[in-house]
Amino acid sequence: VVNVTNAQLGGLADSSSGVMLVGASVKGMTASTYNSQTKNLFITSADGSVTLSGATSRTGTVCGNTVTDKNIKWLTNYTSYSVNNPQVVSTDKDEIVILWEKLNSDGRYVESCYMVIASNGLTIQPETSMGDVRLNANEMPLYRNGKVYWIEGDGYNCYAVELNIGEFDKYNPAGETP
């Protein structure tokens with residue numbers, strides 16, 4: 001099976017606003033952009049119940065069909081890096097933690113990052129580097145008591161990783177109203 005959309009689905013997060021879908025994709029929707037653009041991180045309302053602040057739409061042809069994606073909020077705007085292995089987990093504070101790996105233009109791993117957003121899509125914690133901590137492509141992270149957990153392996157050993165997302169001040173660089 002070939003993924004001609006160049007998209008990578010990260011997962012679903014349940015929130016009071018609805019079900020949110022997180023993934024990575026190129027921003028264009030033409031055959032020429034699938035392999036020429038870098039993948040960026042996005043979020044959208046999977047059930048259509050939330051209109052995200054700053055969301056856009058895009059139209060293109062996929063497998064010979066004209067398709068329009070609506071309510072897409074791009075969370076990164078990389079031109080020299082690509083998003084890989086996006087993952088998502090809901091918190092008990094109605095926030096969504098998004099994790100991903102950043103690759104360079106040669107497809108080599110650079111670092112892992114995370115961000116925290118509110119259920120309406122507003123940024124609470126902006127992109128934050130976790131350094132050289134790989135994500136598990138075969139298992140989604142778990143959230144419990146302010147921490148996100150997953151298993152990382154280096155081919156020889158497995159490690160339990162604990163990310164303390166803690167208490168963040170409401171970060172709102174665009175001055176958006178929650």
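J.: In this structure, what is going on with the pattern of salt bridges? I would like to understand it.
T.: Once their charged atoms are close, side chains differing in charge can pair, the charge on each being opposite to the other. Taken as a whole, this structure holds 6 salt bridges when the rule is applied. Here R134 makes a salt bridge to E101, at a shortest N to O gap of 3.0 Å. One end of the pair, R134, is in the loop between β9 (123–131) and β10 (142–144); the other, E101, is in strand β7 (residues 95–103), with 33 residues separating them in the sequence. You can call R134 partly exposed: its relative accessible area is 33%. With a shortest N-O distance of 3.1 Å, K102 and E111 are connected by a salt bridge. According to the relative accessible area criterion, E111 is buried, its value standing at 17%. If you follow the salt bridges from partner to partner, you end up with K102, E111 and E127 in one network.

J.: Even after reading the chapter, I still don't get unusual backbone geometry, so can you show me in this structure?
T.: Phi is mostly negative for residues that are not glycine, and the peptide bonds are mostly trans. Positive phi is not limited to glycine here, since N85 has a value of about 55 degrees. Along the chain, N85 turns up in strand β6 (residues 82–90). Here N85 falls in the buried class, since its relative accessible area comes to 9%. Residue D94 is not a glycine yet carries a positive backbone phi of 60 degrees. Summarising the element assignment, D94 is placed in the loop between β6 and β7.

Rules and cut-offs
- For every chain, the first residue of the written sequence is number 1, and numbering continues from 1 onward in sequence order.
- Selection of residues for local features in this predicted model requires a pLDDT of at least 70, selection of side-chain atom pairs for listing and counting requires 80 or more, and totals for whole chains, interfaces and linings are taken over all residues.
- Here the side-chain values reflect all heavy atoms present in the structure, with hydrogen atoms and water set aside.
- The working definition used for a salt bridge is a side-chain nitrogen of Lys or Arg within 4 Å of a carboxyl oxygen of Asp or Glu.
- Helix numbers and strand numbers start at the N terminus; a helix is a DSSP run of H or I with at least 4 residues, a strand a run of E with at least 2.
- Burial status follows relative accessibility: with a 1.4 Å probe on protein chains alone, a residue under 20% of its type maximum counts as buried, one over 50% as exposed, and anything between as partly exposed.

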